[in-house]
Amino acid sequence: MVLCKNIKIIKRPLFALQTAVVLLLVSCSPLYSQEKEDAIPRDAYVISSIGDARVLLPMLADDATSAGICGLIYNGLTKIGRDLNIVGDLAERWEISGDGLIITFYLKKNVKWHDGAAFTADDVKFSFEKILDTASGSPYISGYTDIKKIEVVDKYTVRFEYKQPYSGALVKLGMGIIPKHIFEKEPDIRRSVYARAPIGTGPYRFSKWESGQYMILEANEGYFEHAPGIKYYVFRIIPDQSVEFLELVSGGIDAMRLNSYQYKYRSETPEFSGRINKYSTLAPTYTYIGYNLKDPVLSDLRVRKALSYAINKKELIDAALFGFGEPCTGPFRKDSVYYDQSVTMYEYDPEKAKTLLAEAGWKDTDGDGILEKDGKEFRIELVTNQGNQEREDVATIVQREWAKVGVKMEIKVVAWAAFLDQFIDKKKFQAILLAWVIPIDPDLYAVWHSDSIENGGLNSISYSNKEVDKLIEASRRELNVEKNAAICHKIHRILAEEAPYTFLFFGYSQIGINKRFSGVDPAPAGVGYNFEDWYVDEKEVKYKF
Amino acid sequence: MRKYIIKRLLLVIPMLIGISFLLFLVMHLSPSDPTAVRYGLNPEVSNSARENFNKLYGLDKPFLEQYLNWMGRFARMDFGNSFIDDAPVREKILSRLPATLLLEMVSLFVILLISLPLGITSAVKKGTKFDNISTITVFIGYAMPTFWLALVLIYIFGYKLEWFPISGMNPWYFQYLSGFDKIKDVLWHLVLPVAATSFGSLAVLSRYSRSSMIEIMEQQYIMTARAKGLTENRIIYVHALKNALLPVVTILGLSLPGLISGSFIFETIFAWPGMGRLGYEAIMNYDYPVVMGVSVMATLLTLFGILIADITYAFVDPRIRYERKK
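What you see as residue numbers is a count from 1 along each chain, following the sequence as written. Starting at A for chains and at 1 for ligands, labels are handed out in the order in which the entities are written. Residue-level local features of this predicted model are given only where pLDDT is at least 70; pairs of side-chain atoms are given and counted only at 80 or more, and the full residue set underlies all totals for whole chains, interfaces and linings.

Draft legend 1. Geometry of the environment of Thr-299 of chain B. Residue and element names in this part refer to chain B. Numbering of helices and strands runs from the N terminus; a helix is a DSSP stretch of H or I covering at least four residues, while a strand is a stretch of E covering at least two. Position of Thr-299 among the secondary structure elements: in helix α15 (residues 288–316). Whether a residue is buried, exposed or partly exposed is read from the other C-beta atoms within 10 Å of its own C-beta, which are placed from the backbone; 20 or more gives buried, 12 or fewer gives exposed, and intermediate counts give partly exposed. Residue classification places Thr-299 among the partly exposed positions, given that 18 C-beta atoms sit within 10 Å. Here the alpha-carbon distance between Thr-299 and Lys-7, two residues 292 residues apart in the chain, equals 18 Å.

Dropping the structure here:
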């Protein structure tokens, strides 16, 4: 619990802040540079979210808010480094056997739990066995079912034996480790008090949670890497985004995610630009139009290609995302080795689209601007979910572009629950406009393998290609990154060629952060990946305790 | 009277069963389910993990069995645990109730304080400039979209003038404040939300009290009072007012459930940690136990609110009797 009794909040008028920024620039020069080693955690970083956290156990956290907070409280064996590479976290190093079946982790020896107990290999074994126990109800269990045996070799060595090689293993084993000495006494981890007042090994320890209002984390000065630069990490719940924006500009919060409109047009005022720095990084998401391949019209490859050629992705990005996006051609992260940068298919070409449609037998026989075939007009219904303005804008633009090549498209916007239930699960749609979040591990099984068409899989467009199935399986078994990348490049090319989706664009993740924070490093891994290295210059501190 | 109250209280039981059954049915009839909404398009969550979740929370059982299980727990005053964070529903409600009660009760107090004198004065000064202006003002408040008014108040008084906090009930450093500063801080945070919630609601009470006052003022006993030569103040505040407030009693009784169920719109805009947001978030997430907990509480309070209004009526209005005199 927090011990300090007093707090002093220093309010600075805007002009003073601007001079302070100049001072900060001076203080960043080598002469005055701050030595990280003797930095004492100070000040507080206040961030907000529209919803409360749910559960503070990494194996159960299934919403972005809880997962983000778990990331500050817990550590995994591995973690994702600055450039999306896998680096050791609780593990000093690891060895993978030649057949890829055995991974041995050598753990760091100076790690302590927040309650002072030592972290050992037993905690690791306990954590993954808890995930594999169906009574825990971890939603991520399927990422670990290939594990045959977990063996504690000695206090600081743990060995995982797999039933078959699994390329996602190192990423999945980065799941936050929970303390055995705490949870072995808990009959039901879901309902344990420690799921809401957690004990981890991470740079921040849990301090206070006022449901629906805020959560406070306090710097763990004994953190095994180094003490974090910011003393308190505060997370406030502000459900309304326009109020959130006013709080950011007036200093009530120090950071928030900005949408493209706010980023471009609301950040020009002196209040904003004097206080807030903007950062923009490529987001791990892509937006696409998926075609139901069981649909008689859309099962024709020429038609899907034509629809893809008819969309001007650049214009789409400029109009719907205010320019904050990158064209997409395949299902991997654009900044990863798995994405084949040489695939540049479906550059905007309406003439080619018309030719392809004509080849497929679609002609405008009655001169009304809409194509016909066998007496039927080319009509297509595009379904998307409610509550996402950007997506609705994209749908409207695509509607206009398709009309130019003679395709009449109708847009249907449906509330999320009904959208899943009536359209996705029952596969009752012609085309859908949606986005995928792309995980670090390039595993396409759940979305593109033909096994995932039925049984609640996510291949709702019914894409089935024997070769792609084999490549996905091979990719899952290939632990060598270069070889796996080569397999993924092949998949990428086939998917682009067969156009089951029109891959539209990758979005940007945009964030505004108060200028008093230094050490922010926008990287492929995002803006917050090195949060423990952030600090506030002594003169800039706002909250003094 | 006692017999009547007991009869009414006993009636609550079948009504509660009927209402809760309908609620349960409506929730299950709506498309989708808790698991689909939560894990719908998450490639990292396999189908077997989703089935396991259903099993863990008893969602794989038939509808009637689920309802009877709920009813059984409810009879023992156990509302179950939330699907979303596994916290006991009772605790979730209790942690949110104080914030809503505080905001709603202060608002109600402010509404009464302003709208009753406003309505009565309007009635007494019917047709004057005062009546017209107050009528127009309360109707503007009534017609104005409440979320817009709230945002305008925040923008002007919170953001531009910095007189009041923009949002929230307690700042995160609340625990560092001294006792007196804590109270001051809460009051300071209350101003904008109370202003926003009250302004829109002035119309209802002030119009009710105005029209009932006008009706009373035309009664013959008022004429008698005037003929007796009583002062106008005595006529209005002693003779007319008591009777004019009768309909207000009903409205107050019916506003009881509103005191605890809160307002989703205001709580969202002002980041107020109350029941309205809890209920709304539960509905959006298909969190059945929380939805049931919140709505059953609202149902109970509605039923009691009506009962209390009826009983108070019998006390304040001698014309109303619930039992035949022997």
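Draft legend 2. Looking closely at the nonpolar core. What makes a nonpolar core is a set of buried Ala, Val, Leu, Ile, Met, Phe, Trp, Tyr and Cys residues, with links drawn between C-beta atoms within 7 Å. If you look at the biggest cluster of nonpolar residues, it comprises 178 residues, and the most contacted ones within it are Leu-57, Ile-73, Leu-217, Tyr-233, Val-234 and Ala-306 of chain A. Counting residues per element, this core draws most heavily on helix α8 (residues 179–217) of chain B, which supplies ten residues. We call two residues in contact when their backbone-placed C-beta atoms lie within 7 Å. Filtering out sequence-adjacent residues up to four positions away, Ile-73 of chain A remains in contact with Leu-56, Pro-198, Gly-200, Gly-202, Tyr-204, Phe-206 and Leu-217 of chain A. Core analysis: the second largest hydrophobic core is formed by 18 residues, Phe-83, Tyr-288, Val-290 and Met-297 of chain B among them.

Draft legend 3. Quick look at unusual backbone geometry. A positive phi angle, near 55°, is found at Glu-162 of chain B, a position not held by glycine. Note on placement: Glu-162 of chain B falls in the loop between α7 (146–160) and α8.

Draft legend 4. Region of interest: α8 of chain B. Given a helix with a known number of residues, its expected span is that number minus one, times 1.5 Å. Between the first and last C-alpha of α8 of chain B there are merely 49 Å, a value that for 39 residues lags more than 12% behind the 57 Å anticipated at 1.5 Å per step. Where α8 of chain B bends most, the angle comes to about 40°, and this point is Ser-201 of chain B. Two axes enter the definition of the bend at a residue: one is fitted to the seven residues ending there, the other to the seven starting there, and the bend is the angle between them.

Draft legend 5. Looking closely at the packing of helix α5 (residues 89–124) of chain B against helix α14 (residues 275–284) of chain B. Residues and elements named next belong to chain B. Geometry is summarised by axes, namely lines fitted to C-alpha atoms with helices restricted to the contacting stretch, and by angles between N-to-C directions that run from 0 to 180 degrees. Where α5 meets α14, the closest approach of the two axes is 8 Å, and the angle between their N-to-C directions is 135°. With respect to their mutual orientation, α5 and α14 come out oblique. Across the interface between the two elements, Lys-92, Arg-96, Leu-97 and Thr-100 from α5 touch Met-275, Gly-276 and Leu-278 from α14. Amino acids are sorted into nonpolar (Ala, Val, Leu, Ile, Met, Phe, Trp, Tyr, Cys and Pro), charged (Asp, Glu, Lys and Arg) and polar (every other residue, Gly among them). Of the residues in the contact of α5 with α14, the class split is three nonpolar, two polar and two charged. Roughly parallel refers to an angle under 35 degrees, roughly antiparallel to one over 145, roughly perpendicular to one between 65 and 115, and oblique to any angle outside these ranges.

Draft legend 6. Quick look at the packing of α5 of chain B against helix α6 (residues 129–143) of chain B. Residue and element names in this part refer to chain B. At a minimum axis distance of 8 Å, the contact between α5 and α6 shows a crossing angle of 140°. By the angle class used here, α5 and α6 are oblique. By crossing handedness, the relation of α5 to α6 is classed as left-handed. Packed against α5, whose contacting residues are Leu-118, Thr-121 and Ser-122, the element α6 presents Phe-130, Asp-131, Ser-134 and Thr-135 at the interface. Grouping the constituent residues of the contact of α5 with α6 by class yields two nonpolar, four polar and one charged. Note on convention: the crossing is left-handed when the near helix lies turned anticlockwise from the far helix by less than a right angle, right-handed when the turn is clockwise.

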